[in-house]
Amino acid sequence: MIKVWGRDTSVNVQKVLWALDEVGQSYDRVDCGGAFGGLDTEEFGRLNPNRRIPVIEDGEFVLWESSAIVRYLAEAYGAGSLFPADLKSRAIAQQWANWCLTSVYADFITHTFSPLIRVPAAERDTAAVTAAAARVGKSMQILDGHLASHEFLAGSALTFADIEVGALMHRYFTLPIERPELPNAAAWYERLQTRPGFQTHVMKDWTQMKVPGA
Ligand SMILES: N[C@@H](CCC(=O)N[C@@H](CS)C(=O)NCC(=O)O)C(=O)O
């Protein structure tokens, strides 16, 4: 059985759990990271010398970096569906998944979400958060334009790209920040909410992660 290392409040762990759900693989999960600690042990350092979650063990095979894990699971257990068989659909899925990593993730998770929940309001650089949220809004408008004519990111079916990008959407649409009008992205977010794996693993109450005063 696949073993997943990482607390389920991490968005990077959540996308792995959602992918596992989509491909119908059962797993054991070890709570570690955050308040659970456990990333500084020798055993964990052997699994991931970066001491970050998530990590998976699939038999003897060890893999870290959440996007690599999601794509591995998609190809190993969801070939032809989560991992499209068609070369061009697969390339489009890679395009959006990579776009999320390079154009959205840092501005949203590192510079918008994290300061809003991990930094007390009195100590927060509000102007920097507002500027980052505005940059994310611009990226979301690009996503929205694509979704005007696509049900899912690579066409008419859910792929690994929807999981990688979509894992951020619950936080994006529920965070108290300025957002542009995003009718197509909002409709896609609603479609994602019909997936049991999204409901179970991604739609978590992130307010519990707030530090006092945040
Ligand atoms: N690019 C890495 C990022 C890994 C990462 O930074 N994980 C965070 C949680 S989202 C972590 O391990 N933080 C330390 C902790 O939770 O204690 C990935 O996608 O897997």
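What you see is a predicted model, and the numbers here were worked out from it, not measured in a lab.

## Remarks on the overall build of the protein chain
- Tallying secondary structure elements over the protein chain gives nine helices and four strands in all.
- Along the protein chain, from the amino end to the carboxyl end, the secondary structure elements read β-α-β-α-β-β-α-α-α-α-α-α-α.
- C-alpha atoms of the protein chain, sized along the principal axes, occupy 45 × 45 × 25 Å.
- For the protein chain, buried positions account for 33% of its 214 residues.
- Considering only contacts in the protein chain between residues 6 or more positions apart, those separated by 24 or more positions represent 71%.

## Describing the site of the ligand
- All residues adjacent to the ligand are Ser10, Val11, Asn12, Gly33, Gly34, Leu39, Arg52, Ile53, Pro54, Glu65, Ser66 and Ser67.
- Among the elements of the structure, helix 1 (11–23) and helix 3 (66–77) are those that each provide at least two residues to the shell around the ligand.

## Regarding the nonpolar core
- Counting residues in hydrophobic clusters, the biggest one holds 50 residues, and the most contacted among them are Val16, Ala19, Val70, Phe160 and Ala161.
- Broken down by element, the residue count for this core peaks at eight residues, all from helix 4 (residues 87–118).
- If you count residues domain by domain, this core takes at least three from each of domain 1 (2–77) and domain 2 (87–202).

## Points about the sheet that holds strand 1 (residues 2–5)
- Strands sit in the order 2-1-3-4 across an open sheet of four strands; the sheet is mixed. Pairing within the sheet leaves two strands with one partner each, and these edge strands are strand 2 (27–30) and strand 4 (61–64). Going across the sheet, the axis of each strand differs from the next one's by a mean of 20°, ignoring polarity.
- Inspection of the sheet shows strand 1 paired to strand 3 (residues 55–58) by three bridges, in the antiparallel sense. Residue pairing in the sheet places Val4 in a bridge with Ile56 of strand 3.
- In this fold helix 1 packs onto strand 1, strand 2 and strand 3, with an angle of close to 160° to the strand it touches most, strand 1.

## Brief notes about helix 1
- Here helix 1 spans 19 Å end to end across 13 residues, near enough to the 18 Å set by a 1.5 Å rise per residue.
- With respect to burial, helix 1 is a largely interior element, ten of its 13 residues being buried.
- The complete set of buried residues in helix 1 reads Asn12, Val13, Gln14, Lys15, Val16, Leu17, Trp18, Ala19, Leu20 and Glu22.
- Close packing links the buried residues of helix 1 with strand 1, strand 2, strand 3, helix 3, helix 6 (160–166) and helix 9 (196–201).
- Gly24 occupies a position one or two residues after helix 1 and carries a positive phi of about 70°.

Procedures and definitions
Residues numbered from 1 in each chain as written. Predicted model: local features only at pLDDT ≥ 70, side-chain atom pairs only at ≥ 80, totals over all residues. Helix = DSSP H or I, 4+ residues; strand = E, 2+ residues; numbered from the N terminus. Buried ≥ 20, exposed ≤ 12 C-beta atoms within 10 Å, placed from the backbone. Contact = placed C-beta atoms within 7 Å. Near = placed C-beta within 6 Å. Core = buried A, V, L, I, M, F, W, Y, C linked by C-beta atoms within 7 Å. Domains from an automatic or database assignment. Pairing = 2+ DSSP bridges. Axes fitted to C-alpha atoms, helices over the stretch in contact; angles between N-to-C directions. Expected span 1.5 Å × (residues − 1).

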